[in-house]
Amino acid sequence: MKFATKAIHAGVFPDPSTGAIMTPIYQTTTYVQKAPGDHKGYEYSRTQNPTRTVLQENLAALENGSYGLCFASGLAATDAVMKTLSPGDEVLSTNDLYGGTYRLFTKVFQKYGLDFNFVDMSNANEVGQYISDRTKLIWIETPTNPMMHIIDIEAIVGLAKSKGIKVAVDNTFATPFLQRPLDLGADMVMHSVTKYLGGHSDVIMGALVLNDSQWAEQLEFLQNASGAVSGPQDCFLALRGIKTLHLRMQRHSENAAAVAHFLRKYPRVDQVFWPGFEDHPNHVIAKKQMSDFGGMISFTLKGDDIEEAKHLMTKFKYFQLAESLGGVESLCGHPASMTHASIPREERIKSGLLDSLIRMSVGIEDIDDLVADLEQALS
Ligand SMILES: *Cc1c(COP(=O)(O)O)cnc(C)c1O
């Protein structure tokens, strides 16, 4: 089955009792048993729920993995992964990490004895020196947020495999339509389903996909034992969103390319960060491991004035000022005062996250309207 067919059909079947073509929302907590222990595979909805099962199988198929697990949010999914580690274990992670993941690692799990090392992985050759005997997991995010660095998944896997270290990839920005880390040798994919997979800014959810049956069993245990599961209504919405993932990602990518090229020519704009530019430092890797460049871009203004950037963002008509990304509608955000405000300014600037940096999640509206909106705001 090819990707677009999987998005619509994988794991999905007509409801056996009525023939309903859409997976029903099994809004139930429990399931009647014929005799004690004699049931149809469902006992209690924290443990299993039929709507969730269909979504989990669909997600596993999209990422070419064997096991899919859904959680109440992307961070709940990551939380479960960290709980499979033990005190003294070390996680090597990218330095340009989603802020919530950084907070979970440093403010929650560090005090339980896990160690985290955040390093620049945009040059994979330099990552080996940070691996120690205690390194158990490498956690990658690519493209990164908001600087749009690209990390070479295959090269990192190459470093990790011989040492028995697992590699997990946060594939939220790319989605399996553009990038399939398991095919590149990674052990696990994590998703904030909240973003492109859900795609309509109406669901908070997370997911994991993997092949290792033992690790999957541990995670299934944690899904039930810790209980941060996604509800059936949310699973239905995610399934509905995924049915158009391929079409949306094509349009997101096309529109972002057009916006990136427009911005780059605009006199007031300084730098545009988009991996599709041939002179992007990681363009070659992006081309190798992604089928297109996705819907995210960021840019800075000449003079790097924070007030000017903030003012500009109140002038957009279609690029709504909001956190999050990956919905059908275009959004813009100002990392310095929003998502990354908690990082000290000096550190922020050092990692290239300038005062005037604006991040855009380019939606699937008509590109003429989006470009006209940018033009009127910038002028
Ligand atoms: C949003 C996001 C997360 C966290 O997911 P939630 O669903 O908000 O918990 C993790 N990684 C990336 C890259 C994200 O954009």
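Residues numbered from 1 in each chain as written. Predicted model: local features only at pLDDT ≥ 70, side-chain atom pairs only at ≥ 80, totals over all residues. Heavy atoms only, no water.

Points about helix α13 (residues 367-378)
Consideration 1: Relative to the 16 Å expected for twelve residues at 1.5 Å per residue, α13 spans 16 Å between its end C-alpha atoms, a close match to the ideal helical length.
Consideration 2: The elements touched by buried residues of α13 are α9 (245-265), β8 (269-273), β9 (296-301), α11 (306-313) and β12 (358-361).
Consideration 3: Here α13 starts with a cap whose side-chain oxygen sits 2.8 Å from the backbone nitrogen of D368, and that cap is D366. (Helix = DSSP H or I, 4+ residues; strand = E, 2+ residues; numbered from the N terminus. Expected span 1.5 Å × (residues − 1). Contact = heavy atoms within 4.5 Å. Polar contact = N/O pair within 3.5 Å; in protein donor to acceptor, adjacent residues only side chain to side chain.)

A look at the site of the ligand
Consideration 1: Every one of the 13 residues lining the ligand counts as a neighbour, but G74, D170, S192, T194 and K195 are closest to it.
Consideration 2: Between D170 and the ligand, the recorded distance is 2.6 Å, taken from a side-chain N or O atom to a nitrogen atom.
Consideration 3: Taking S192, its side chain carries an N or O atom lying 2.9 Å from an oxygen atom of the ligand.
Consideration 4: Alone, the ligand offers 380 Å² of accessible surface; in the complex the protein occludes 94% of this. (Near = heavy atom within 4 Å. Areas by Shrake-Rupley, 256 points an atom, 1.4 Å probe, with all protein chains shown as cover.)

Quick notes on the environment of L69
Consideration 1: Summarising the element assignment, L69 is placed in strand β1 (residues 67-71).
Consideration 2: Take L69: its relative accessible area is 1%, and that puts it in the buried class.
Consideration 3: As for L69 and A160, which are separated by 91 residues in sequence, their C-alpha atoms are 24 Å apart.
Consideration 4: Aside from chain neighbours lying at most four places away, what touches L69 is Q56, G206, A207, L208, L210, A216, L219, E220 and Q223. (Buried < 20%, exposed > 50% of the residue type's maximum accessible area, 1.4 Å probe, protein only.)

Side note on the side chain of N145
Consideration 1: Mapped onto the elements of the fold, N145 is located in the loop between β4 (135-141) and α5 (153-161).
Consideration 2: Engagement of the side chain of N145 in a polar contact is seen with the side chain of R359, the distance being 2.8 Å.
Consideration 3: Not counting chain neighbours up to four residues away, the residues in contact with N145 comprise D96, Y98, F173, H340 and R359.

Focus: the packing of aromatic side chains
Consideration 1: This structure, assessed with the given rule, holds eleven aromatic pairs.
Consideration 2: Ring geometry for F262 against Y266: centres 5.5 Å apart, planes inclined by 45 degrees, an arrangement best described as tilted.
Consideration 3: Using a relative accessible area of 16% as the deciding quantity, one classes Y266 as buried.
Consideration 4: Ring pairs connect the aromatic residues Y102, F105, F116, F118 and W139, which therefore count as one cluster.
Consideration 5: Lying across the ring of W215, K166 places its NZ or CZ 4.9 Å from the centre.
Consideration 6: Here the basic side chain of R264 rests over the ring of F277, its NZ or CZ set 3.8 Å away from the ring centre. (Phe/Tyr/Trp six-rings, centres within 6.5 Å; stacked < 30°, edge-to-face > 60°. Lys NZ or Arg CZ within 6 Å of the ring centre and 35° of its normal.)

Comments concerning the sheet that holds strand β2 (residues 90-94)
What holds strands together in a sheet is hydrogen bonding between their backbones, with the strands either parallel or antiparallel.
Consideration 1: A sheet is described by the order of its strands in space; here seven strands give the open sequence β1-β7-β6-β5-β4-β2-β3, paired in mixed fashion. Edge positions in the sheet fall to β1 and β3 (115-119), since each of these pairs with one other strand and no more. Between one strand and the next, the sheet's axes are offset by a mean angle of 20 degrees, whatever the strand orientation.
Consideration 2: When β1 meets strand β7 (residues 206-210), the two strands line up antiparallel, connected through five bridges. The residue of β7 that forms the bridge with G68 is V209.
Consideration 3: Across the sheet, α5 touches β4 and β5 (166-170), and the angle it forms with β5 is around 155 degrees.
Consideration 4: Each of β1, β4, β5, β6 (188-192) and β7 touches helix α7 (residues 213-226); the most contacted strand, β1, lies at about 25 degrees to it. (Pairing = 2+ DSSP bridges. Axes fitted to C-alpha atoms, helices over the stretch in contact; angles between N-to-C directions.)

Some remarks on unusual backbone geometry
Phi is mostly negative for residues that are not glycine, and the peptide bonds are mostly trans.
Consideration 1: With omega at -5 degrees, the peptide bond leading from T142 into P143 counts as cis.
Consideration 2: Here the residue pair N145 and P146 is connected by a cis peptide bond, since its omega of 5 degrees sits within 30 degrees of zero.
Consideration 3: Looking at where P146 falls in the secondary structure, it is placed in the loop between β4 and α5.
Consideration 4: Phi is positive for M148, which is not a glycine, with a value near 60 degrees.
Consideration 5: Locating M148 in the fold gives a position in the loop between β4 and α5.
Consideration 6: Positive phi outside glycine occurs at S201, with the angle close to 50 degrees.
Consideration 7: Structurally, S201 can be placed in the loop between β6 and β7.

As for the side chain of T172
Consideration 1: Secondary-structure assignment places T172 in the loop between β5 and α6 (175-178).
Consideration 2: The exposure class assigned to T172 is buried, which follows from its relative accessible area of 6%.
Consideration 3: Among the polar contacts listed, one links the side chain of T172 to the side chain of D170, at a separation of 2.6 Å.
Consideration 4: Looking at T172, its side chain comes within polar contact range of the main-chain nitrogen of S192, at 2.9 Å.
Consideration 5: Aside from chain neighbours lying at most four places away, what touches T172 is M190, H191, S192, K195 and Y196.

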